[in-house]
Structure formats: C-alpha cells, structure tokens
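# Breakdown of the fold
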Amino acid sequence: MNGIVPAPIAALPWRVIFILMALVGFGAAVLYSAAGGHFDPWAGKHVLRFGILLGMVIIMSRMKLEFWKSITFPLYLLLLFLLIVVELLGFVGGGSQRWINLGIITLQPSELMKPVMVLAAAWFFDRLPPNRIFGIEAVWPLGALLLLPSVLVIIQPDFDAAIAYAFGLGVVGFMAGLPLIYFWGAGAGIAVLAPLVYFFGLKPYQQDRVLIFLNPENDPLGAGYHITQSKIAIGSGGIFGKGFGNGTQSHLDYLPEGHTDFVFATMAEEWGIVGGFFILFLYFLLMRWGLTVAMQSKTRYGQLVAAGLTCTIFFYIMINLLMVVGLAPVAGIPLPFVSHGGSSMLTMMLCVGIIMSIERHPGAKRGQFQ
Amino acid sequence: MKVEKQVTSGQLDFAFTRRAAFVGGVQAAIGLTVAARMSYIAVADNEKYKLLAESNRVNLTIIPPRRGWFIDRFGKPIATNRADFRVDIIPDRLAKKDETVQTLAELLALSTDDVDRIHRELKNAQGFQPVQVADGLDYDKFAAVSVRLPDLPGVSPRQGYSRFYPSGAAVGHLIGYVGTVSAEEYQKNKKPLLITPGFKVGKDGLEKTLEDRLQGEPGAKRTEVTARGKIVRELTTRPDTPGKPVQLTIDIDLHNYAARRLGLESGSVVVFDCLTGDIITMASMPCYDPNSFSDGIGRVEWKMLNSDDHIPMLNKALQGLYPPGSTLKPVAGLAMLRHGIDPEEIVICNGGYRLGNRVFKCLGRHGPVNMTTAIMKSCNTYFYSMGRRIGYDNIAPVARELGLGQEFPLPFPSQRYGTVPDSAWKMRKYDQKWTESDTLNAVIGQGYIIASPFQLGLMAARIASGLNIQPEILLQKRAAAKPLSFPKAHLDVVREGMNLVVNGAGTAVRSRLMLDNIAMAGKTGTAQVRRISGSQRGQSGAWKYRDHGLFVCFAPVDQPRYGAAVVIEHGMGGARAAAPIAKDVLTFIYDRAQAMASLEALEAGWGGNIEQRMAAKYAVFQNQPAPPPPLDPTA
C-alpha cells in the first residue's frame, strides 16, 4: 500500500466490503425503484443501516478470536433467557411475539440465535478432544444446545428458525468431522419423519404452504399467489429486464413483499437474468471469501466459526432464492444484503463481522508456538 | 464403536479442508440450480410470463358496440340508441356484498325481484365479469350512486346505450326487440362480449334476423390497474364500431299513423308500393312496447301482454291467417275472364244459389248483375254461378299468381303462408275429392282458403299495377318488376269493379277518399269465424265469435301507386271496420292534416293515443289482486 490511503483504512478488508457494498448498493437501487423512484421508505434506510452496521462490523473485526470464544457460551445463555422473556411477553400481551422493543432498536432473539448457535457448536467442538469425535459425547451436547432454543421458537411458532438452527449446527458438525453415517442417517430420518411432521406437526397454514409450493397454479389467488406472481415477475423480465423503474409486477403491487422476501423477483423483473447473475456472482464471491477465511484460519474454533457463519449466510440465500424461483415453499426469509429489513441485516452483518475478525486473526496451530 | 479409533487434530484438519471444499461445491451446485431455473423461466417461458404480467397489468373492459339504427325510406329513425346510465358490480372488487347490495337497493329503489336476481348472479359470477344491478337509470339515481362510490368498492356506475324505439308499440312487430343474451345463446358462442352488461341482441323481428349487420364491433377500454383494482391510468382505448344502419322501405310516419288508426281493434294494415313491391307500412296492433323489452320487461307487464285476448305478441300482418272472404272476388273475376267469361254476361241474383238441395246464400237480392256490378255489390250469387262454371282448379293458379299461399324471402323470423286449396291439395290433405260446394265456398273466400293480411295487401298491389312485384322490406335498388300474365283488359274490368265498390254504389262508399283528384278502389270482405247459426251471422255476441272485417284497396284509381290491405279481427264487417281505416291511412299519404284530424277525433273517444292507453291499461292491471306467486321461477 502506498501512502495516499491512510494505513488504518488501507488495512480494512476491502475485498469483502466491496462485495457487500455492491450487494447493498444494487439492493438499494432495486428498493428505490420499488418505492416508485423514492429513497423513502426503503432504499434510504437500507443504505443508512448498512453504513451504521459496517462501522459495527469494522469494530468487531478488531476483536481477537479469544474474545469471541470467551463470550460464546454467555451469549448463548443470554439469548436463551431473552427467548423465554419474549415468550412471557407474548403470554402477557395475549399473542405471539418475536421481538423485544428496546426503544432504539427491536431485538429479535430467535434471529440472533442463528449465528450464536454456530458459535456455540464451534465452541463445543473446539473443546471436544479429537479422538472423541466418534463417540456419543460428540452428539448429545449438540442435541442439548439445539433442543432448548428450538422448543422455544417452535412455540412462538417460528418453525423456520428451528430449521435454521439445525442447519447451522449440522454444518458445523459436518465440518468438525462428525462421522458421515450421522448425516446419511439424518437424511433417511428426514425422509421418514417429513410426512409425519407434515401431517401431525404442521399447522394448516404451513401445510398449505408446502402443498401450494408443489403446485402453485392450484391456488393462483390464494397462498400460491406469491410464487405465481414471483415467477411472472422473473419470467416477464427476460434476459435484460424491463428496465430500471419499469417493473409492473412490483409497481402495481401484484408481487407481494416485493421489497423484502421477494426483492429478487422485483430486481429480476427490471434487470432480467443479467441482474440475477450479477447478484449470484456477488454471492459466489462472498461465499468464496468466507470459506477461504475458514480454510486459512489456523484454529479449530476459527475454522468452524468462519465456515459455519458462511453457511448461515448461505442458508438465507439458498432458501430465499429457491423460494423466489419456485423451487422451495414460501418461507419468510429475506435475501441477505438486498432485502429491506433491519433484523436480518443485523444478523448477516454479525456473521460478516466475526468472519472478518477471524480473517484478521488467523491464529496459530494448536501446539504451535504463538 | 468397539474399536477405539485414534483421531488426531491433524486428521480433523484434513477432514475439515475436504468437507469445506465439499460444502463449497454444494453451494456452487445450488447456485447453478438457481441460475438455471431462472434462465429457464426468463428465457424459455419468457413469452408466457410476459403475457401473464401484461394480463395482470392491463384490465380490459369491453365496450359494447352501439347497435345499428333502423331508418325509414326517408332516413327517419325507427330504432336508435339512447344514452342511459347503468350500475354494475364487479364481483372481484366487492368488499361487503350484502351491505353493498342493500345500499344499492335503497339508492336505486330496486324491487325484491331485482335484489334476488343480483344475489343469484353474484353467487354464480366470477372475477371481473360485471353483474348488472340496474340500467336505464335517470341521472339523479346515477349521481346518487356515483357520489357514494368511495364507500361502495366494487360498484361501477357507467354510461351506456340502450335501444330506443321512438314509435314505441307501433313498430314492435315490425322491428322486434332486443334483450340480454340467454344462457343457451352464450353456450353456443362463448364470446365475452355476449355477457358484457349492457350488451343486447335482437330477440325477435328484424332485430333478430339482421343481428349480424346491426351488431357492430365491440371496443375495448384498456386501463392499467394495481393488484387492488385501483386504476393507475388509461391506456389506449379502441372505440367501438357501431353496427351498420339498416334502411327499410317503411314510411315510418305512415306506419305510425296506421298503427294508431287501428285504435282499439285487433288487426293489421299493410301498404305496398304497387310499382316496386316495397313494404311501405306493416302495422299490427295491439303490440307490446319494444322499449319495455330493451330495458328488461317487468313481470307484471309480461303477464299483462300474455293475458290479453287480442294477442299483442303476435304479428298479425305476417302470422295472422284469415279467410279472405269477399276480398277474393277480384281474383275470381280475373280467373273467370281468363277462362272466357264475358264480363257483361248477366247473372240474376235472387238472394242465393241452389246447389243440389242446398242453398248458398247471398248477402242480398241483387237482381241482374254483370261482373263489375257483382264486385261492386259483392254479389255471392254471381261468383257461385261463374265459379262453378270454370271450376276452382282454374281459380287457384290465379290466386297463387297474385301472391296468396306464397312465402316470400323476407328477413322476418316467421311468416305464415296460408292455403290456396284445389282438388289436388284436398286429395293430398284429406284424401277426399273436391266438391262443387268446396268451389262455391272457396270462390267467396271461405272454407279452406286462408291468407295473411300481408298476402292480401300484395294481392291488391299486384292487381292495381298488373306487375309481378316482389315484396321487399330492405330499401335497395331493384330491377323493374315484370308484368303479370293478365291482359290489361281483364285487369281494367276488375279494377273498375273495385272502383265502384268505393266510388260507385258499392259496399264501401262511405269510405270514399275526401280528396280532390285522388280516388281509392277497394273490395270489402267479411269472413265468418264460425258457421252461421240461426240469425246471428257473426254480427253480435262474444267478441271472439264475431266476423272478421277485411278490406283490400289501391289508390289512386287512375294511376295506382299504393296497394293495401286492412284486416280487423272480429270487426264484424269489411265495410264497417276495415274500409274506414284504409281510407284514413291512404288519406294520410296525400293529406296529413285531414287524416290527423280524423285520427285525433277518434283517439279522444278511445282514451288517448297508444302510449296513453297502454299506460292506463298497465295501471289497471297492476292494481288487480295479485295472483298466487309462481312456485319457483328459478327451478
């Protein structure tokens, strides 16, 4: 680096910041158009939020790995406590509630639990002696870590969050070297349990979502409406799209949630698959960055956290995109860095911040001299 | 897990690297899946989704085409379109169904009948297909709904057109009427236009048969709408192409006059241009008001029409069949002349004619009569005698040549062509030989022979001009008519007889035209409805057993231009009921003021013109105790 740029700024992880800026900037453009050519109410807030969270992320990146390791379990317990508080608030308020209003921001503990679950799992595997990885000791604590928060969010009811926790935990376990037989077994178990869960575990509206995902045209004006309209938006966009500000599906409100969960469809209508490929490419860069950080980390905790958090981000991307193109049922999961929404951006930026911190502090190999 | 496997952190590191690479691969695979799926939707199915996006965005409202006008031979309107106000409901946008219908019922003073219908149609309706609430509204009611629109989502007040017949009932049978498309018609041809509120098709008469010419092309209003149905802006609107106007041969003033002049009678007037065959007038009364149908006829009015013994639903000019009576004597005269009867040959009338042991009565004792006198006096004895001499098989072809028993290629949904009997016909129909008494009956227009007023009018016109004119209702240039097969001398004899009927010492002298230089010739007829019993002779008693009154005529005598027939059902006599009407109708052609004066005097005694009388009748009918309600009109 030469002297034109001050050293502290030059030292920032610009590669990932550029990727995020591109995603957020493009997202803001889409939100600007979706609001009919106004920064209000979405695009402006979107950029502002990113700016503030970017500051937080840079501060986070300065934290040493040991810091994260030390606060992991307290954080987990704190969120567990907050989940119970939310549950009680909902009980008192006479309805289900998912967040705590702190005046300045609203905290959604179930959302924050997603990255923390990854941290907790990594923390556990870090402490687990390597030769115990095949034993029962490697499994039951994970089950315990998963069970408590899952039960609490399922009561809310927020089934999607429970799945996200299981996913995060599973990915970390997989990376940590749990025997493959577990994953085959889990796959087989899901194949058997899925119908049972569908018929006995899901509420009717959730059953509808699954049914309609399988055949959205059956109910074009009801619950299948979202998927149908999303496909119309993407399909009518073609290769180059209808042009910035010319999307009819979003502007005339045919596409529901066009600024949150279905922002990709809003984008694709105006920018076509060219815009879609651009976003996919940015995500590819982001995932590559995350996994590279994981591979280059020298500590087991760092490896598992970086890989796990990358996969948490990926989980959002995957569920959202598969849903928007009609390959997965409708789930209320936004598109990271593009969708408008504070709570999900906070989670994503927390993930990014911790990965940045790992990138900055790759650490030394166990047993090596530090 | 009996064998303790020793795992080092180095091995776990290695496993991590491999598994991280695997995870990266899975991520890439999912990314590619999304990319492929997106490309498929946006490239392969692009056309399909473009269309769907467009049909989301654009709401197409069909503008029903304005129906082609009917105009008369001088361009005066017979059927036009009147701007009216209507209110529909768009089911998709209806928020509170019952409350909205309730509010509309109050604002528009809808009957329970209407409210039931709206509820029924809403139940079966789908999507953006509007359901009619009411049409033909006045501006006040329309405005009352319009100002409350913000509270009435889904309600659509619109300006449209409805069919208007300035002449009202007078043209009902001639033009027919329009109505909404029936379920069967829609099943046959599922054009969305057909179920667009405000769209009507011809249901009867010329409206029905000329539908293709009159219908026109619908327009379309394209608006950009949001998912909630809010109109963002109007896109290009394609205006409707109105149907083509149809010019009829009718002289609407004369036609209206004839209809009014029929007054309280049940009957018809047909006037031909005897040089071209153009139908100048074809009135049949009583009649329904076609305007009532185009606004959707009420239950009470429909019941009133159907319970009337004068049968207002029947076009008597084309579909009424009557024994022509003595109006057929000129036809018999022409046949006799053709078969060598000297018109000056005298027959002595002693008040009847004996055939075997049966006496066929004449209306009077006419003494010695030749052909013209026989026509003038309507002497049955002469025609019995001469008809018997030549035989009816020689008369029937003449009757047919003059148009009786014939059907004509006219665009009316139905015309009845009656019967001109002869021996072959009787053998075919009854397997019986033709008898001489059949001849005697037929020659004076009784017995088997029946004809429509339309045919009788044509007969008079053909006799008047001697031309083989073809009747026509659509005004157009046509080749000049060819002469009939009768020599002028024969026609002159018959015409002279008909002249004497009115202007000599005949049966209709009281109906002589009060005009300078223009005279009318004619022939009266009185047709029995049932066999003469005792002295009644069908001149009294119940209305439906009284004789029909007929009159055929032409004018001017010296240079015939118009041929006409007037048939008054149960009018008791041609001279009494039919000839005065013919006189006034023909007078109207030449001197409107005189004819109108005569009509107005009559109408004063009848209780007003057609419209006033129908309104009064409707009021009386409505106040009758209601009959028990029908079981279930929808079942």
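Reading the values: rules and limits
Residues numbered from 1 in each chain as written. Chains lettered and ligands numbered in written order. Predicted model: local features only at pLDDT ≥ 70, side-chain atom pairs only at ≥ 80, totals over all residues. Helix = DSSP H or I, 4+ residues; strand = E, 2+ residues; numbered from the N terminus. Contact = placed C-beta atoms within 7 Å. pLDDT = per-residue confidence, 0-100. Nonpolar A, V, L, I, M, F, W, Y, C, P; charged D, E, K, R; others polar. Buried ≥ 20, exposed ≤ 12 C-beta atoms within 10 Å, placed from the backbone. Pairing = 2+ DSSP bridges. Axes fitted to C-alpha atoms, helices over the stretch in contact; angles between N-to-C directions. Core = buried A, V, L, I, M, F, W, Y, C linked by C-beta atoms within 7 Å. Domains from an automatic or database assignment. Expected span 1.5 Å × (residues − 1). Parallel < 35°, antiparallel > 145°, perpendicular 65-115°, else oblique. Left-handed = near helix turned anticlockwise from the far one by under 90°. Arc of directions from axis to C-beta.

### Thoughts on the overall build of chain B
When helices and strands are tallied, chain B shows 24 helices and 19 strands. Of the contacts formed within chain B by residues at least 6 apart in sequence, a portion of 73% connects residues at least 24 apart.

### Some thoughts on the overall build of chain A
Broken down by element type, chain A carries 14 helices and 2 strands. At a minimum sequence separation of 6, the contacts of chain A that also span at least 24 residues come to 69%.

### As for the confidence of the model for chain A
Model confidence for chain A is summarised by a mean pLDDT of 87, while 91% of its residues fall at 70 or above. Summarising per-element confidence for chain A, the mean pLDDT is lowest in helix α9 (residues 204-214) of chain A (73) and highest in helix α12 (residues 263-296) of chain A (95).

### A word on the interface of chain B and chain A
Of the residues lining the interface, 39 residues belong to chain B; the matching set on chain A comes to 45 residues. Mapped onto the side of chain B that touches chain A, the elements with two or more residues apiece are α1 (9-44) and α2 (46-57) of chain B. Per-element accounting of the side of chain B that touches chain A gives the leading share, 20 residues, to α1 of chain B. Its residues placed into classes, the side of chain B that touches chain A shows 19 nonpolar, 11 polar and 9 charged.

### A look at the pairing of strand β19 (residues 562-568) of chain B
All names here are of chain B. Most of β19 sits inside the fold, with 7 of its 7 residues counted as buried. Side-chain alternation along β19 places Tyr562, Ala564, Val566 and Ile568 on one buried face and Gly563, Ala565 and Val567 on a second face that is also buried. Where strand β11 (residues 267-273) and β19 come together, 7 bridges link them in antiparallel fashion. Bridged to Val271 within β19 is Ala564. The antiparallel pairing of strand β18 (residues 548-555) with β19 creates a hairpin that spans 6 residues between the two strands.

### Some remarks on the sheet that holds β19 of chain B
Residues and elements named next belong to chain B. Taken in spatial order, the 5 strands of this open sheet run β12-β11-β19-β18-β17, and their pairing is antiparallel. Sheet topology places β12 (279-285) and β17 (521-527) at the edges, where each strand pairs with a single neighbour. On average, each strand axis in the sheet is inclined to that of its neighbour by 10°, with strand direction left out of account. In terms of strand pairing, β18 meets β19 through 7 bridges, oriented antiparallel.

### Remarks on the nonpolar core
By size, the foremost hydrophobic cluster in this structure holds 128 residues, and its most contacted members are Ala460, Ala564 and Val585 of chain B. With 10 residues, helix α22 (residues 574-590) of chain B is the largest single contributor of residues to this core. Inspection of this core shows a minimum of three residues originating in each of domain 1 (59-247) and domain 2 (252-300 + 315-616) of chain B. Those residues within four positions of Val585 of chain B in sequence are excluded, and the remaining contacts are Leu254, Tyr257, Ala258, Arg261, Val269, Val271 and Ala564 of chain B. One finds Val16, Ala28, Ala120 and Leu309 of chain A within the second-largest nonpolar core, a separate group that totals 117 residues.

### Considering unusual backbone geometry
All names here are of chain A. Backbone torsion omega between Asp40 and Pro41 reads -5°, so that peptide bond is classified as cis. With respect to the helices, strands and loops of the structure, Pro41 is situated in the loop between α2 (14-34) and α3 (43-62). For Asp253, which is not glycine, the phi dihedral falls at a positive 70°. Relative to the helices and strands, Asp253 resides in the loop between α11 (248-251) and α12. Of note in this structure, Phe337 is not a glycine but carries a positive phi near 70°. Position of Phe337 relative to the elements: it lies in the loop between α13 (300-324) and α14 (342-360). Phe337 gets classed as buried once you count the C-beta atoms within 10 Å, which come to 28.

### Quick notes on the environment of Phe454 of chain B
Residue and element names in this part refer to chain B. You can see Phe454 is positioned in helix α20 (residues 453-465). Under the C-beta neighbour-count criterion, Phe454 is labelled buried, with 31 such atoms within 10 Å. Those residues in contact with Phe454 that lie beyond four places of it in its chain are Val270, Met282, Ala317, Leu318 and Gln415.

### A word on the environment of Gln559 of chain B
Residue and element names in this part refer to chain B. With respect to the helices and strands, Gln559 occurs in the loop between β18 and β19. Judged by the 10 C-beta atoms lying within 10 Å of it, Gln559 is exposed. Put simply, Gln559 and Ala519 are 40 residues apart on the chain and 9.8 Å apart in space, counted from C-alpha to C-alpha.

### Description of the sheet that holds strand β1 (residues 58-63) of chain B
All names here are of chain B. One open sheet holds the 3 strands; their spatial order is β1-β8-β9, and the pairing between them is antiparallel. Edge strands, defined here as strands with exactly one partner in the open sheet, are β1 and β9 (231-238). Here the average twist between neighbouring strands, direction ignored, is 25°.

### Looking at α2 of chain A
Helical geometry: 3.6 residues make up each α-helical turn, so side chains three or four residues apart lie on a common side. All names here are of chain A. In this model α2 runs 29 Å from its N-terminal to its C-terminal C-alpha over 21 residues, within 8% of the 30 Å that 1.5 Å per residue would give. In this structure, the buried residues of α2 make contact with α3, α11, α12 and α14. Once α2 finishes, Gly36 follows within two positions and takes phi at roughly 75°, a positive value.

### Considering the packing of helix α10 (residues 225-237) of chain A against α1 of chain B
Their axes nearest at 6 Å, the elements α10 of chain A and α1 of chain B cross at an angle of 70°. Relative to α1 of chain B, the element α10 of chain A lies roughly perpendicular. Here α10 of chain A runs over α1 of chain B; the crossing is right-handed. Contact residues: Lys231, Ile234, Gly235 and Gly237 of chain A in α10 of chain A; Met38, Ile41 and Ala42 of chain B in α1 of chain B. Across the contact of α10 of chain A with α1 of chain B, the residue classes break down as 4 nonpolar, 2 polar and 1 charged.

### Some thoughts on the pairing of strand β14 (residues 352-355) of chain B
Sheet topology note: the β14 of chain B/strand β15 (residues 358-361) of chain B ladder contains 4 bridges and is antiparallel. Residue pairing across strands places Arg354 of chain B opposite Val359 of chain B, the latter belonging to β15 of chain B.

### Points about the environment of Glu269 of chain A
Residue and element names in this part refer to chain A. As for its position among the elements, Glu269 is in helix α12. The spatial distance from the C-alpha of Glu269 to the C-alpha of Phe240 is 8.8 Å, given a sequence separation of 29 residues. Apart from residues no more than four positions distant in its own chain, Glu269 is found in contact with Ala233, Ile234, Ser236, Gly237, Gly241, Lys242, Gly247, Gln249 and Ser250.

### Remarks on α3 of chain A
Residues and elements named next belong to chain A. Here α3 is 20 residues long and its end C-alpha atoms lie 29 Å apart, about the 28 Å a rise of 1.5 Å per residue gives. Inspection of α3 places Ala43, His46, Phe50, Leu53, Val57, Met60 and Ser61 among the buried residues, and these make up the whole buried set. Viewed end-on, α3 has its buried residues packed into an arc of 95°, placing them on one side of the element. Within α3, the exposed residues directed more than 90 degrees away from the buried face are Leu48, Gly51, Gly55, Ile59 and Arg62. On its buried face, α3 is in contact with α2 and α14.

### Some points on the packing of helix α5 (residues 109-127) of chain A against helix α6 (residues 140-155) of chain A
All names here are of chain A. As a packed pair, α5 and α6 sit with axes 10 Å apart at the nearest point and diverge in direction by 170°. One element, α5, and the other, α6, form an angle in the roughly antiparallel class. Where α5 approaches α6, its residues Ser110, Met113, Ala120, Ala121 and Phe124 are matched on the opposing element by Pro141, Leu142, Leu145, Pro149 and Val153. Counted by class, the contact of α5 with α6 contains 9 nonpolar, 1 polar and no charged residues.

### Remarks on the confidence of the model for chain B
Residue and element names in this part refer to chain B. Residues with a pLDDT of 70 or more make up 94% of chain B, whose mean pLDDT is 86. Considering each helix and strand of chain B separately, the mean pLDDT is smallest for helix α12 (residues 299-306), with a value of 75, and largest for α20, with 95. Between residues 627-635, whose pLDDT stays under 50, and residues either more than four places distant or in other chains, the model counts 0 contacts. Both confidence scores are given for the complex: pTM 0.69, ipTM 0.91.

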